[in-house]
Amino acid sequence: DAEITQSPRHKITETGRQVTLACHQTWNHNNMFWYRQDLGHGLRLIHYSYGVQDTNKGEVSDGYSVSRSNTEDLPLTLESAASSQTSVYFCASSSGLAADTQYFGPGTRLTVL
Amino acid sequence: QKEVEQNSGPLSVPEGAIASLNCTYSDRGSQSFFWYRQYSGKSPELIMFIYSNGDKEDGRFTAQLNKASQYVSLLIRDSQPSDSATYLCAVKGHTDKLIFGTGTRLQVFP
C-alpha cells in the first residue's frame, strides 16, 4: 500500500545545530508540503513543492529549507535550530488534482533545548 | 481576521447526540473544503470534502457548505466516544495549498 513516512519520529537537539527531518512518500504524488503544528496556531505551512527541483516558501519559512531531488522525498532542514522551532512537524503529499486532498505522514516531534 | 476560523471548544455532547462543528472562511475565491479528524498525538486524517453548495452525506457524517455565507459545517450523527478528537477545517483556493483552522475539540461522553 502507498504511504507517507517521516523520520525520526522524535528528535531532541541543541540550539544552533543543523537538523534534517525526512519525508518519504510512495503515492507518486507531485506535490509535497511541510507543516508545523503548535498549540493555538494550528497547522502552518513551512515549505512546499509542486515537483522535482521546485520549492516554495510558505507562511513560516524563516530558518527552514527544503530541496526536492526526486518525486518521493522532501527533506526539511533547520539550518541552526532555535527553541522557537520546538514543534510537531507534519509532511503531507497530494496528487494536485482538484478532486484530491493532502495525506499526512505520522509526524516528527522536535525539541530544541 | 483569520482566514479560516473555528471555535476551539471543547464541544461536549452526550453519546448518541448530533455534534455540529462550524467553520467560516474569508476568501470568497475558495473552491474546496475539507474536514480532517486528529486524535491526540496523531496526524490529521481526512473525513470528508465538499465542493458544491448544499449537503454531502457519508455514513454518520454530513458536510454542509454555504458559499454565500462563507460557512462550512460538519454534522456527526449518533456521536460515539471514539469520535472524541480535534476536527480541523481546511480550505483550498485555486492552488493546491490548504489553509487550516485551529480546530475544534469534540468530547463525546457516555
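Preceding this paragraph is the structure being described.
Note that the structure is predicted; figures quoted are calculated from it, not measured.

Basis of the calculations
Residues numbered from 1 in each chain as written. Chains lettered and ligands numbered in written order. Predicted model: local features only at pLDDT ≥ 70, side-chain atom pairs only at ≥ 80, totals over all residues. Heavy atoms only, no water. Salt bridge = Lys/Arg side-chain N within 4 Å of Asp/Glu carboxyl O. Buried < 20%, exposed > 50% of the residue type's maximum accessible area, 1.4 Å probe, protein only. Disulfide = S-S within 2.5 Å. Helix = DSSP H or I, 4+ residues; strand = E, 2+ residues; numbered from the N terminus. Core = buried A, V, L, I, M, F, W, Y, C linked by side-chain atoms within 4.5 Å. Contact = heavy atoms within 4.5 Å. Buried area = accessible area lost by both parts, 1.4 Å probe. Polar contact = N/O pair within 3.5 Å; in protein donor to acceptor, adjacent residues only side chain to side chain. Nonpolar A, V, L, I, M, F, W, Y, C, P; charged D, E, K, R; others polar.

**Student:** Mind showing me how you'd approach the pattern of salt bridges here?
**Tutor:** A side chain with one charge may pair with a side chain of the opposite charge, provided their charged atoms come close. Residues and elements named next belong to chain A. Here the structure, examined in full by the defined rule, presents six salt bridges over all chains. Residue glutamate 14 is joined to arginine 17 by a salt bridge in which the shortest nitrogen-to-oxygen separation is 3.4 Å. In this structure arginine 17 comes out as partly exposed when scored by relative accessible area, which is 48%. Among the ionic pairs, arginine 36 bridges to aspartate 38, the shortest N-O distance being 2.8 Å. The exposure classification of arginine 36 matches that of aspartate 38, with both residues buried.

**Student:** I would appreciate a short explanation of the state of the cysteines in the present structure.
**Tutor:** With the rule as written, the count across this model stands at two disulfides over all chains. With its sulfur 1.8 Å from that of its partner, cysteine 23 of chain A forms a disulfide with cysteine 91 of chain A. Residues cysteine 23 of chain A and cysteine 91 of chain A share a disulfide whose torsion about the S-S bond is about -70°; that sign makes it left-handed. Placement of cysteine 23 of chain A in strand E3 (residues 19-25) and of cysteine 91 of chain A in strand E9 (residues 87-94) is noted, with a sequence separation of 68 residues between them. In this pair, the class of cysteine 23 of chain A matches that of cysteine 91 of chain A, namely buried. Here cysteine 23 of chain B engages in a disulfide with cysteine 89 of chain B; their sulfurs sit 2.1 Å apart. Here cysteine 23 of chain B and cysteine 89 of chain B share a disulfide; its torsion about the S-S bond, -70°, makes the bridge left-handed. In this pair, cysteine 23 of chain B is assigned in strand E3 (residues 19-25) and cysteine 89 of chain B in strand E9 (residues 85-92), connecting sequence segments 66 residues apart. Classification of cysteine 89 of chain B by relative accessible area gives buried; the value is 0%.

**Student:** Sorry, what's going on with the nonpolar core here?
**Tutor:** When a protein is soluble and globular, its nonpolar side chains tend to lie buried together. Trp35, Val72, Leu74, Ile76 and Tyr87 of chain B are the most contacted members of the largest nonpolar core, which has 23 residues in total. Those elements giving two or more residues to this core turn out to be E3, strand E4 (32-38), strand E5 (45-50), strand E7 (61-66), strand E8 (71-76), E9 and strand E11 (104-109) of chain B.

**Student:** Can you help me understand the side chain of threonine 101 of chain A in this one?
**Tutor:** Among the structural elements, threonine 101 of chain A can be located in the loop between E9 and strand E10 (103-104). Setting aside its immediate chain neighbours within four residues, threonine 101 of chain A contacts Ser93 and Ser94 of chain A together with Phe34, Tyr36, Leu46 and Leu98 of chain B.

**Student:** What should I look at first to understand the interface of chain A and chain B in this one?
**Tutor:** It is common to report an interface's size as the accessible area lost on association of the parts. Contact residues are listed per partner, giving 23 residues for chain A and 18 residues for chain B. Counting each side, the surface lost to burial between chain A and chain B is near 1500 Å², with a carbon and sulfur contribution of 52%. Of all residues in chain A, Leu43, Thr101 and Phe104 of chain A bury the most surface against chain B, accounting for 30% of the area lost on that side. The tally of links between chain A and chain B comes to zero salt bridges. The interface formed by chain A and chain B contains four residue pairs in polar contact (both at pLDDT 80 or more). Elements supplying a minimum of two residues to the side of chain A that touches chain B: strand E4 (31-38), strand E5 (42-51) and E9 of chain A. With five residues, E5 of chain A is the single largest residue contributor to the side of chain A that touches chain B. A breakdown of the residues in the side of chain A that touches chain B according to their chemical character gives 12 nonpolar, 10 polar and one charged.

Keep in mind that these numbers describe shape and distance, not what the molecule does.
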